[in-house]
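If you want the building blocks of each chain, they are given just below.
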Amino acid sequence: ALRHRFAAGAEQHEPARWLAALQSALQPRLPLGQRLVVRGPTYADFSLQATLEAAPLLDMTDIQSAAMANLAQRLDPIAGERSLGAALSVADLGAWLRRIDGVSAVAALVLRDRSGKAVDAIDVGQQGLPRFDASQVVIDVVRGNARSRP
């Protein structure tokens, strides 16, 4: 296993020593004659732009920080709730952001794939996970009813 390799447009970053240790721990539990290959998931990069409406009298900076922390927690590859192969959709993100204390609405939400194209979902592949990178996420918080009307 390589520490840093590309597979189907996504990178893997699990240290070879960690993967080898995991394989060594699991191998004795296999029935005789079976082989085990341990490899890390592939990661799908994405970027996100969101505009959240803040409830009156709440600190917009606190809401922005809470939104970033919420996304980081939900998309954490170890402690997060994502299953391998589960696509990341605009609907998922919008629902998560709406549930944050102090958010009265999600005024705008754009999810972009690795190439920068706006998409409805990030397909991560069968053994993949979306990779959260805070530098690729922009969350603006505005006072209520700042949505643009057609």
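Up top you'll find the structure we're talking about.
Bear in mind the structure is a predicted one, so any value in this text is a computation, not a measurement.

Time to look at the side chain of Arg74. Here Arg74 lies in helix H2 (residues 60–74). Setting aside anything within four residues of it in sequence, one finds Arg74 in contact with Gly80, Glu81, Arg82, Trp96 and Arg99.

Let's shift gears to the nonpolar core. With 27 residues, the main nonpolar core has Phe46, Leu52, Leu71, Leu93, Leu97, Ile122 and Ile139 as its most contacted residues. Elements that contribute at least two residues to this core include exactly strand E4 (47–54), H2, helix H3 (90–98), strand E6 (103–112) and strand E10 (137–143). Residues contacting Ile122, with those up to four places away along its chain left out, are Ala44, Phe46, Ala87, Leu88, Leu111, Arg112 and Asp113.

For the coordinates displayed, the defined rule picks out four salt bridges. A salt bridge links Asp45 to Arg114; the shortest N-O distance between them is 3.5 Å. Within this pair, whereas Asp45 is found in strand E3 (residues 42–45), its partner Arg114 is found in the loop between E6 and strand E7 (118–119), the two being separated by 69 residues in sequence. Looking at Asp45, the relative accessible area reads 22%, which means it is partly exposed.

A few words now on the environment of Arg82. Counting through the fold element by element, Arg82 comes out in the loop between H2 and strand E5 (88–89). Its relative accessible area of 17% is what places Arg82 among the buried residues. In this structure the C-alpha to C-alpha distance between Arg82 and Gly128, which are 46 residues apart in sequence, comes to 9.9 Å. Dropping the residues within four chain positions of it, Arg82 is found in contact with Arg74, Leu75, Ala87, Leu88, Asp92, Trp96, Leu129 and Pro130. At 3.2 Å, the side chain of Arg82 forms a polar contact with the backbone oxygen of Ala86. In terms of polar contacts, Arg82 uses its side chain to reach the backbone carbonyl oxygen of Ala87, at 2.3 Å.

Cut-offs applied
Residues numbered from 1 in each chain as written. Predicted model: local features only at pLDDT ≥ 70, side-chain atom pairs only at ≥ 80, totals over all residues. Heavy atoms only, no water. Helix = DSSP H or I, 4+ residues; strand = E, 2+ residues; numbered from the N terminus. Contact = heavy atoms within 4.5 Å. Core = buried A, V, L, I, M, F, W, Y, C linked by side-chain atoms within 4.5 Å. Buried < 20%, exposed > 50% of the residue type's maximum accessible area, 1.4 Å probe, protein only. Salt bridge = Lys/Arg side-chain N within 4 Å of Asp/Glu carboxyl O. Polar contact = N/O pair within 3.5 Å; in protein donor to acceptor, adjacent residues only side chain to side chain.

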